[in-house]
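Take a look at the letters that make up each chain.
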Amino acid sequence: MHTGLFHEIDFEKDQKWSGHLGIPFSIDRSPYYQLKIPIFRIKNGAGPKLLLMAGNHGDEYEGELSLARLVRRLDPKRIKGRVTILPMANAPAVMAAKRCSPLDGGNLNRAFPGDPSGTPTSRLAHFLETELFARHDVVFDIHSGGTSMEHLPTALVERNTDPERHKRGVELMRALGMPYGFIADNGPASPTSMGAARRAGSIGISGEFGGGGTTTPESMAFTTRAIDSLMMTLGITTAPLLGEHAAPEGPTELLSLARHSQGIFATRRGWWEPAVELGARVTAGDLAGWCHNLDRLTEVEERLHFAEGGVVISCRLHTIPAIGSA
Ligand SMILES: [Zn+2]
């Protein structure tokens, strides 16, 4: 009664179903409290099996709002196969407008493979990896920069040592229609949803669709187009459900993010002033920005430079970084 995760999902019935994942977690105000995470299933016969999730990080709204709209619009008669939707996977984080859960500090996308007798976030991760992801061909986990970061619209996939599955993952990543994409090398023990999906025998894809703890018409257009494109590529739908989308401006440009030297990390407290815009193309040695010291107004600001060339894919939004912040 006091561990694990429970649900009443009927995985075989053709229907549109809504319910919750329940996680018992005793708290001050409710000794028998159960964390309730909304989940939706739409099934119509045999066919592709897709899991869509957002709110893995609570303050990333592009996917949360798009999937909530999709839940309202999906009709079993208009699909082939099955779609499972978690619009707010880490529900306490979503409700608190935070990246991590206020219940246990859990960062779901660093919690896989989880633990069935651990914290609520850890139990959720364990259920997703060992039970839910394994029932789907593809897991699409929608992210963005959240409150602390702005991010170029970028699709993501992790490297898979199985060449056929890796090829399919890259194909599906490209099918999202994003301007940029990259293949991450997070290793076999990756704590992300993509790593969990891979270990479960599914194909995990993801992406960063905006940021700043808000949405824009542009970030929502990228998000809704990616969801519709994926469902149509898999053969679940034959027409877009979330809007009429403009065609991508070109094929996805593949980038590489594999070394810590591609980022700039604070080594002391300061006040950050960027010298470049998101999306800028830079070369090694270019000025990235200045770190001011408002505790010592006479101290000359420190100049920080890029160690490597490339495209600026994300920028910090909070001016005051803690030591270690990117
Ligand atoms: Zn995220």
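The coordinates are above.
About the criteria used
- Residues numbered from 1 in each chain as written.
- Predicted model: local features only at pLDDT ≥ 70, side-chain atom pairs only at ≥ 80, totals over all residues.
- Heavy atoms only, no water.
- Helix = DSSP H or I, 4+ residues; strand = E, 2+ residues; numbered from the N terminus.
- Expected span 1.5 Å × (residues − 1).
- Buried < 20%, exposed > 50% of the residue type's maximum accessible area, 1.4 Å probe, protein only.
- Donors = N, O, S within 2.8 Å, 3.2 Å for Na, K, Ca; no water.
- Tetrahedral: all angles 85-135°; square planar, octahedral: opposite > 155°, others 65-115°.
- Contact = heavy atoms within 4.5 Å.
- Core = buried A, V, L, I, M, F, W, Y, C linked by side-chain atoms within 4.5 Å.
- Lys, Arg positive; Asp, Glu negative; His and termini not counted.
- Salt bridge = Lys/Arg side-chain N within 4 Å of Asp/Glu carboxyl O.
- Polar contact = N/O pair within 3.5 Å; in protein donor to acceptor, adjacent residues only side chain to side chain.

Peer 1: Help me understand helix H1 (residues 61-73) in this model?
Peer 2: Each full turn of the α-helix corresponds to 3.6 residues, which orients residues three or four apart in the same direction. Taking 1.5 Å as the rise per residue, H1 with 13 residues should run 18 Å; its terminal C-alpha atoms sit 18 Å apart, in good agreement. Those residues of H1 lying buried are Tyr61, Glu62, Gly63, Glu64, Ser66, Leu67, Leu70 and Val71.

Peer 1: Just checking my understanding: could you explain the coordination of the zinc ion for this structure?
Peer 2: Tetrahedral coordination by four donors sets the ideal angle at the metal to 109.5 degrees; octahedral coordination by six donors sets it to 90 or 180 degrees. Coordination of the zinc ion by the protein involves His57 (ND1), Glu60 (OE), Glu60 (OE) and His143 (ND1), with metal-donor separations of 2.1 to 2.3 Å. Geometry at the zinc ion is irregular, judged from the 4 donor atoms that bind it and their angles of 57 to 148 degrees at the metal. Donor residues for the zinc ion sit on one chain with the sequence pattern H-x2-E-x82-H. Taken together, the positions of glutamate 60 in the loop between strand E3 (49-53) and H1 and histidine 143 in strand E5 (residues 138-143) put the pair 83 residues apart, joining distant regions of the chain. A residue is classified by how much of its surface remains accessible, and glutamate 60, at 2% relative accessible area, is buried. Taking relative accessible area as the criterion, histidine 143 reaches 4% and is therefore assigned buried.

Peer 1: Which parts of the structure should I look at to understand the side chain of threonine 223?
Peer 2: Structurally, the position occupied by threonine 223 is in helix H6 (residues 217-234). Given the relative accessible area of 1%, threonine 223 is considered buried. Ignoring anything within four residues of it in the chain, the contact list for threonine 223 reads Glu62, Gly63, Ser66, Ile142 and Phe209.

Peer 1: How do you make sense of the nonpolar core when you look at a structure like this?
Peer 2: Across soluble globular proteins, you tend to see nonpolar side chains buried next to one another. The biggest cluster of nonpolar side chains holds 35 residues, and the ones touching the most others in it are Leu52, Leu70, Ile85, Phe140, Ile205, Ile227 and Leu230. Of all the elements, H6 adds the most residues to this core, at 6 residues. Those residues within four positions of leucine 70 in sequence are excluded, and the remaining contacts are Leu52, Ile85, Ile227, Met231, Leu241 and Leu242. Counting residues in each nonpolar core, the second largest holds 29 residues, with Leu21, Ile37, Ile39 and Met88 among its members.

Peer 1: Is there a simple way to explain unusual backbone geometry in this structure?
Peer 2: Backbone torsion omega between phenylalanine 112 and proline 113 reads 10 degrees, so that peptide bond is classified as cis. Take proline 113: it is sitting in the loop between helix H2 (91-95) and helix H3 (120-132). Positive phi is not limited to glycine here, since alanine 97 has a value of about 55 degrees. As for its position among the elements, alanine 97 is in the loop between H2 and H3.

Peer 1: Help me out: how do you make sense of the side chain of aspartate 228 in this one?
Peer 2: Turning to its location among the elements, aspartate 228 is positioned in helix H6. For the buried aspartate 228, which has no salt bridge, the nearest side chain bearing the opposite charge is arginine 73, at an N-O separation of 7.0 Å. For aspartate 228, the side chain forms a polar contact with the side chain of histidine 245, separated by 2.7 Å. Among all residues touching aspartate 228, those that are not within four sequence positions of it are Thr237, Pro240, Leu241, Leu242, Gly243 and His245.

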